Amino acid sequence: DTHPYFIETYNKRFGTNYSTCEIDNWDWVRTEVEWDDFDTIVQEGWKNNHAEITAREENINTVIPKLNTIANNVSVDIVTGRTGVETEMKAWLAEHDITEYNQLVSTTKKKTQLQYNVYIDDNPNMVEYIHDDELLMLIQGPHNRHVDTDKENVISTAKITDGIDKMKNGVDSC
């Protein structure tokens with residue numbers, strides 16, 4: 001989760017006192033701070049301080065093995081919209097004992113254009129772009145609590161590990 005790293009670094013750099021709770025919508029960065037500052041800080045974080053970027057939840061390394069209990073032959077790709085820091089991201093994954101994935105995909109495309117069957121993400125805009133035959137597990141945060149997740153193929157959950165049982169039902173019905 002890059003939000004805590006960004007907020008802490010931004011506050012130190014610019015003498016502000018933001019908290020992660022203030023990131024109350026996906027476009028908060030574009031409306032409250034400069035996008036370039038956000039992008040630079042997060043990119044520097046991954047490049048130089050990836051160990052300071054926290055996992056979204058404890059025991060994050062149990063997610064992929066738990067996903068493998070849903071269906072046979074599950075192939076998990078870890079997809080990021082951030083480019084140029086793939087080596088550091090792979091190191092972060094290894095440091096968090098996340099090793100049972102197919103590949104790390106770094107892309108500048110919308111993730112929904114990659115045509116996966118299942119997405120696990122915190123980007124609320126994906127709700128608009130998810131196809132009927134795909135499933136989205138939307139990880140809740142202050143920045144996306146306002147999102148309407150009434151679509152049958154969207155599961156909203158606070159923790160990935162908690163949402164996997166809900167997702168199993170969605171995979172069975174897609």
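No experiment lies behind these values; they were computed from the predicted model shown.

## Things to note about the side chain of T161
By the secondary structure assignment, T161 is in helix α7 (residues 160-173). T161 gets classed as buried once you look at its relative accessible area, which sits at 15%. In this structure the side chain of T161 is engaged in a polar contact, spanning 2.8 Å, whose partner is the side chain of E57. When sequence neighbours within four positions are dropped, the list of residues in contact with T161 reads E57, N59, T62, V63 and K66.

## Quick notes on the sheet that holds strand β3 (residues 118-121)
Strand order in the open sheet made by the three strands is β3-β4-β5, with parallel pairing throughout. Because the sheet does not close on itself, it has two edges, and the strands there are β3 and β5 (154-157). In this sheet, adjacent strand axes meet at a mean angle of 15° when their direction is disregarded. Inspection of the sheet shows β3 paired to strand β4 (residues 135-139) by four bridges, in the parallel sense. Directly across from I120, in β4, lies its bridge partner M137.

## Thoughts on the packing of helix α1 (residues 2-14) against helix α3 (residues 35-49)
Close contact between α1 and α3 brings their axes to 10 Å; oriented N to C, the two are set at 110°. Looking at the two axes, α1 sits roughly perpendicular to α3. Crossing geometry of α1 relative to α3 is assigned as right-handed. In this structure, α1 uses T2, Y5, F6, T9, Y10, R13 and F14 to contact α3, whose residues at the interface are D37, F38, T40, I41, V42, E44, G45, W46 and N49. Residues that form the contact of α1 with α3 fall into these classes: eight nonpolar, five polar and three charged.

## Looking at the nonpolar core
Judged by nonpolar contacts, the single largest core of 33 residues is most densely connected at F6, W28, V33, W46, L67 and M167. Ignoring any residue separated from it by four or fewer positions in sequence, one finds W28 in contact with F6, I7, Y18, E22, I23 and V33. Core analysis: the second largest hydrophobic core is formed by eight residues, Y119, V127, I130 and L138 among them.

## What to know about the packing of aromatic side chains
Applying the stated criterion to the full structure yields eight aromatic pairs. With 6.0 Å between their ring centres and 75° between their planes, W46 and W92 make a pair best called edge-to-face. Of the two residues, W46 sits in helix α3 while W92 sits in helix α5 (residues 86-95), which places them 46 residues apart along the sequence. A relative accessible area of 9% means that W92 is categorised as buried. The rings of F6, Y10, F14, Y18, W28, W35 and F38 are connected pair by pair, giving a single aromatic cluster. Over the ring of Y129 we find K110, and its NZ or CZ is 3.9 Å from the ring centre.

## Considering the pattern of salt bridges
Two side chains of opposite charge can pair, provided their charged atoms sit close to one another. Following the criterion strictly, the structure yields seven salt bridges and no others. Here D39 makes a salt bridge to R82, at a shortest N to O gap of 3.0 Å. One end of the pair, D39, is in helix α3; the other, R82, is in the loop between β1 (77-80) and α5, with 43 residues separating them in the sequence. On the basis of relative accessibility, which here comes to 14%, the residue R82 falls in the buried class. Between R56 and D122 there is a salt bridge, and its shortest N-O distance comes to 3.0 Å. Taken as a pair, R56 in the loop between α3 and α4 (63-67) and D122 in the loop between β3 and α6 (126-129) lie far apart in primary sequence, 66 residues in all. By relative accessible area, R56 is classed as partly exposed at 31%.

About the cut-offs
Along each chain, numbering runs from 1 in the same order as the chain's sequence is written. Restriction of local features to residues with pLDDT of at least 70 applies here, the model being predicted, together with a cutoff of 80 or more for giving and counting side-chain atom pairs; totals for whole chains, interfaces and linings are based on all residues. As a rule here, side-chain values cover all heavy atoms of the structure and leave hydrogens and water aside. Comment: elements are numbered from the N terminus, with helices defined as DSSP H or I runs of at least four residues and strands as E runs of at least two. Accessibility here uses a 1.4 Å probe with only protein chains present; expressed as a share of the type maximum, an area under 20% marks a residue as buried, one over 50% as exposed, and anything in between as partly exposed. Residues adjacent in sequence count toward polar contacts only when both atoms are side-chain atoms; beyond that, a polar contact is any pair of N or O atoms within 3.5 Å, and within protein one must be able to donate a hydrogen and the other to accept it. Whether two residues are in contact is decided by their heavy atoms, any of which lying within 4.5 Å being enough. Strands were regarded as paired on the criterion that DSSP finds at least two bridges between them. Simply put, an axis is a line fit to the C-alpha atoms, just over the touching stretch for a helix, and the angle between two N-to-C directions goes from 0 to 180 degrees. Under this scheme an angle from 65 to 115 degrees is roughly perpendicular, one under 35 degrees roughly parallel, and one over 145 degrees roughly antiparallel; angles in between are oblique. Note on convention: the crossing is left-handed when the near helix lies turned anticlockwise from the far helix by less than a right angle, right-handed when the turn is clockwise. Residues are grouped as follows: Ala, Val, Leu, Ile, Met, Phe, Trp, Tyr, Cys and Pro are nonpolar; Asp, Glu, Lys and Arg are charged; all remaining types, including Gly, are polar. Remark: nonpolar core denotes a set of buried residues (Ala, Val, Leu, Ile, Met, Phe, Trp, Tyr, Cys) joined through side-chain atoms within 4.5 Å. Two aromatic rings from Phe, Tyr or Trp, using only the six-membered ring of Trp, form a pair when their centres are within 6.5 Å; if the ring planes differ by under 30 degrees the pair is stacked, by over 60 it is edge-to-face, and anything between is tilted. In this scheme, the term charge over a ring applies when either NZ of a lysine or CZ of an arginine sits within 6 Å of the ring centre and within 35 degrees of the ring normal. The salt bridge criterion pairs a side-chain nitrogen of Lys or Arg with a carboxyl oxygen of Asp or Glu, the two atoms within 4 Å.

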